[in-house]
Amino acid sequence: MKKPPEIPESLTAHNHTRIDNYYWMRNPDSEELEDYIASENLMTQKWLNKHKNLYNNLFEEIKSRIPQTDESVPFKFDDYFYYSRIEEQHEYPVYCRKHLTLDNPEEILLDVNKLAKGSKFFSLGMFEVNAAENILAYSVDTLGNQIYTLYFKNLKTGKKLAYSLSNICAFSWSNLDNMLYYSVYDKAQRPYKIYQHVLGQPQKQDKLIFHEKNKRFACSISRTQSKVFMLIDTDSNNASETWFFDANTKDAQPLLLQKRKRKLEYHTDHYQGFFYILTNHNAPNFRLVKTPVQNPEIQFWEEIIPHKKDTLLEDFHLFQNYLVLEERKNGLPQIHIIPLDNREDYYLNFPDPTYIATIGDNYCYDTEILRYVYSSLNTPSCVFDFNMKTKTQTLLKQDQILPQFLPENYKSEYVFVSTSDRKKVPVSLVYQSDLFQKNGNNPLLLNAYGAYGEISEPIFSRAILPILDRGFVYAIAHVRGGEEMGRNWYEQGKLLNKKNSFSDLIAVARFLTKNKYTQSNLTFLEGGSAGGMLMAAVINQEPDICLAAYLQVPFLDVLTTMLDKDLPLTIGEYDEWGNPNILKFYQYILSYSPYDNLQARDYPNMLITSSMNDTNVPYWEAVKYIAKLRSLKKDKNLQLLSVDPDSGHQGASGRNDSYREIALEYTFFLSLLNKS
């Protein structure tokens, strides 16, 4: 192992100085950095070579669970049915459509395998057809930095147009056949401008229609489901603002729906002369209001669905005769159906103790049919069509698991863990019934995220079966910082409350040990990005909490990153982590930032992965962390770093490459248990 040089860098703020011996690693062109990363990758590869058989077996086992050919359930949009399929021996999907009925000939929109040929990394972003349904726009990222290039394909000739648009975040067609709108990034990779593009004209001639100058806000463009308006949404972490204009016009003049106010959030759709608005105005868990298009301001908002203290209103869907709400209560999703003819409203029923249920592809207003998707930790993903009038449903597809998969062989649980401040943290669990004894002898993999209000959904994963079938318990801790238990659950896990996420995870780990699901020397932690930060912060507090941890593209150097306003995302995330240019936030972040709180003591086994093209969490966070850890640690445990030179924050792009990442993680864990 090549030891990296220590070059002290003084970092001073608020009359406080930190010495960072590895600050120099932020220079990607450094030969010393290149040599050090190469030595870390070589060490990981040598370790992996010793466990090659286990790794290969796990990879093949994961791969064998998944049908090599598969097809999605078609959905209707305008005059076509759209679907995708995966073909044997191919890494990427093929996107297709059929005109009017499924009996008509197939038309291939995009064969992503052909597009990705020759690319070390390939990510298809958005794709969408124009109003005439004869031009396809699609965005591509070949670097992993989530900055896209927009291409156009003539669907009549099958040929790509001879030009493209660069620096694209997202886009949306208008109702005009030759006109779309797109957002672009500033230097900090913040979507800050919306342009109007006329098909065929050079990008430099595109018309700027919106410029978001506040660096805490990022803007996007979309079309209402009614197709009447284009919406410009500009959002910060705790405020939003919407502008709208006619989707049929060539001369876009955006009108303000409601002026932004701090801590006022709202999200809009349009239906029959009204804007329907999901908002937190006087409603922490959100409520639904409507307002005439001619009078969109807040004083004209009329309440339709009131606020509930115990229920988070997540989304709404408008049909001609029904209003469908996506709600969340006690951490679990609910689908609430409200007939608009004064018949009694009702909820769908779901069989598992913990699950995910979400509205699927619904693009028709005048229909009795609601499409939704259901899954749980022991139920493969199912697509249903539910008749909202007769209350009957049809299973259209359930994901196939190979070889024969029997859900009854696996048991899921949903438990609540008490914290020291008397909160109840939900935990979703699953295990193989015949292998679980509840005597403390089962290894356990504990996953959590706990940031940005993101919900850690207990969705079925084929990839988890190899460890369940080796006796593992798999657990998801729904810690504060997510929004599982309502908006306040999120507020209690951010800013000056961030440490609640850590104490929640510690409480869950101790509960699972106390109640004989596992023991600490059989506990494994995994977390990605902000979830990786969560795991590293918890390990700093209680290094004996686990045998090993897997940190995927982890956010570890929190204070230095949040002090650097030139990095992507930093300024926009002041409302999540705090602005360390303010003393109280500086001191609080310093008190938990994983990199800053490494000490000379024992640490558990760790596998850390990062990517050179990651713009969300730069590579140096993981590289600096492992270098500092090695310089301080007193243990003889195994700590490994793997840095991917080609991918970004989301990891490898091809499906087999993603299976290899999972196989690497499981090889690391199982090798520590001497399991095959």
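The coordinates are above.
Presented here is a report on the structure given in the accompanying data block. Just so it is clear, the structure is predicted and the values come from calculations on it, not from any experiment. (Residues numbered from 1 in each chain as written. Predicted model: local features only at pLDDT ≥ 70, side-chain atom pairs only at ≥ 80, totals over all residues. Heavy atoms only, no water.)

## Describing the sheet that holds strand β24 (residues 311–318)
Within a sheet, each strand pairs with its neighbour through backbone hydrogen bonds, oriented either parallel or antiparallel.
Line of reasoning, step 1. Read from one edge to the other, the open sheet built from four strands follows the order β24-β25-β26-β27, with strand pairing classed as antiparallel. Whereas interior strands pair on both sides, the edge strands pair on one side only; in this sheet they are β24 and β27 (346–347).
Line of reasoning, step 2. Pairing of strand β25 (residues 322–329) with strand β26 (residues 332–339), which is carried by eight bridges, proceeds in the antiparallel orientation. Opposite leucine 325, over in β26, you have histidine 336 as the bridge partner. (Pairing = 2+ DSSP bridges. Helix = DSSP H or I, 4+ residues; strand = E, 2+ residues; numbered from the N terminus.)

## Some thoughts on the nonpolar core
Soluble, globular proteins show a tendency: their nonpolar side chains are buried together.
Line of reasoning, step 1. Counting residues in hydrophobic clusters, the biggest one holds 73 residues, and the most contacted among them are Leu446, Leu505, Val623 and Tyr625.
Line of reasoning, step 2. At eight residues, helix α7 (residues 530–541) tops the list of elements feeding residues into this core.
Line of reasoning, step 3. Excluding its chain neighbours within four sequence positions, the residues that come into contact with leucine 505 are Leu446, Ala448, Ala477, Val479, Leu534, Met535 and Val538.
Line of reasoning, step 4. Counting residues in hydrophobic clusters, the runner-up holds 37 residues, among them Ile66, Phe405, Phe460 and Ala463. (Core = buried A, V, L, I, M, F, W, Y, C linked by side-chain atoms within 4.5 Å. Buried < 20%, exposed > 50% of the residue type's maximum accessible area, 1.4 Å probe, protein only. Contact = heavy atoms within 4.5 Å.)

## Description of helix α2 (residues 52–64)
Line of reasoning, step 1. Helix length check: α2, at 13 residues, gives a terminal C-alpha distance of 18 Å against a target of 18 Å (1.5 Å per residue), a fit within 8%.
Line of reasoning, step 2. Of all the positions in α2, only Leu54, Tyr55, Leu58, Phe59 and Ile62 are classed as buried. All buried residues of α2 project into a common sector of 130° when viewed along the axis, lining one side.
Line of reasoning, step 3. Buried positions along α2 lie against α1 (31–50), α4 (465–468) and α12 (655–672). (Expected span 1.5 Å × (residues − 1). Arc of directions from axis to C-beta.)

## Topic: the pairing of strand β37 (residues 548–552)
Line of reasoning, step 1. Where burial is concerned, most of β37 is hidden: four out of the five residues are buried.
Line of reasoning, step 2. Across five bridges, strand β36 (residues 523–528) lies against β37 in parallel orientation. Directly across from phenylalanine 524, in β37, lies its bridge partner alanine 548.
Line of reasoning, step 3. Assessed by its sense of winding, the connection that carries the chain from β36 through α7 to β37 is right-handed.
Line of reasoning, step 4. For β37 and strand β38 (residues 605–611), the ladder comprises five bridges, and the chain directions are parallel. (Right-handed = clockwise from strand over helix to strand, strands pointing away.)

## Considering the packing of helix α6 (residues 499–514) against α7
Line of reasoning, step 1. Their axes nearest at 9 Å, the elements α6 and α7 cross at an angle of 70°. One way to sum up the angle between α6 and α7 is to call them roughly perpendicular. Contacts between α6 and α7 pair Ser501, Phe502, Leu505 and Ile506 from the former with Met533, Leu534, Met535, Ala537, Val538 and Gln541 from the latter.
Line of reasoning, step 2. A class-by-class count of the residues in the contact of α6 with α7 yields eight nonpolar, two polar and no charged. (Axes fitted to C-alpha atoms, helices over the stretch in contact; angles between N-to-C directions. Parallel < 35°, antiparallel > 145°, perpendicular 65-115°, else oblique. Nonpolar A, V, L, I, M, F, W, Y, C, P; charged D, E, K, R; others polar.)

## Observations concerning α12
Line of reasoning, step 1. The first and last C-alpha atoms of α12 sit 27 Å apart over 18 residues, in line with the 26 Å expected at 1.5 Å per residue.
Line of reasoning, step 2. Asparagine 674 sits one or two positions beyond α12 and adopts a positive phi of about 55°.

## What to know about the side chain of threonine 523
Line of reasoning, step 1. The residue threonine 523 is located in strand β36 in this model.
Line of reasoning, step 2. For threonine 523, the side chain forms a polar contact with the main-chain oxygen of glutamine 519, separated by 2.9 Å.
Line of reasoning, step 3. Once residues within four sequence positions are removed from consideration, threonine 523 is found in contact with Leu444, Thr518, Ile545, Cys546, Leu547 and Ala548. (Polar contact = N/O pair within 3.5 Å; in protein donor to acceptor, adjacent residues only side chain to side chain.)

## Regarding the pattern of salt bridges
Any two side chains of opposite charge can pair if their charged atoms end up close together.
Line of reasoning, step 1. Per the stated rule, a full pass over the model turns up 34 salt bridges.
Line of reasoning, step 2. A salt bridge links glutamate 457 to arginine 328; its shortest N-O distance comes to 2.9 Å. With glutamate 457 in the loop between β34 (444–447) and α4 and arginine 328 in strand β25, the pair connects residues that are 129 residues apart, well separated along the chain.
Line of reasoning, step 3. By relative accessible area, which is 4% here, arginine 328 ends up buried. (Salt bridge = Lys/Arg side-chain N within 4 Å of Asp/Glu carboxyl O.)

## A closer look at the packing of α2 against α12
Line of reasoning, step 1. Following both chains from N to C, one finds α2 and α12 inclined at 130°, their axes separated by 8 Å at the closest point. Taken together, the axes of α2 and α12 lie oblique to each other. In the packing of α2 onto α12, the handedness of the crossing is right-handed. Residue-level contacts link Leu54, Tyr55, Leu58, Phe59, Ile62 and Lys63 of α2 to Asn656, Tyr659, Arg660, Ile662, Ala663, Leu664, Tyr666, Thr667, Leu670 and Ser671 of α12.
Line of reasoning, step 2. For the contact of α2 with α12, the per-class residue count stands at 11 nonpolar, three polar and two charged. (Left-handed = near helix turned anticlockwise from the far one by under 90°.)

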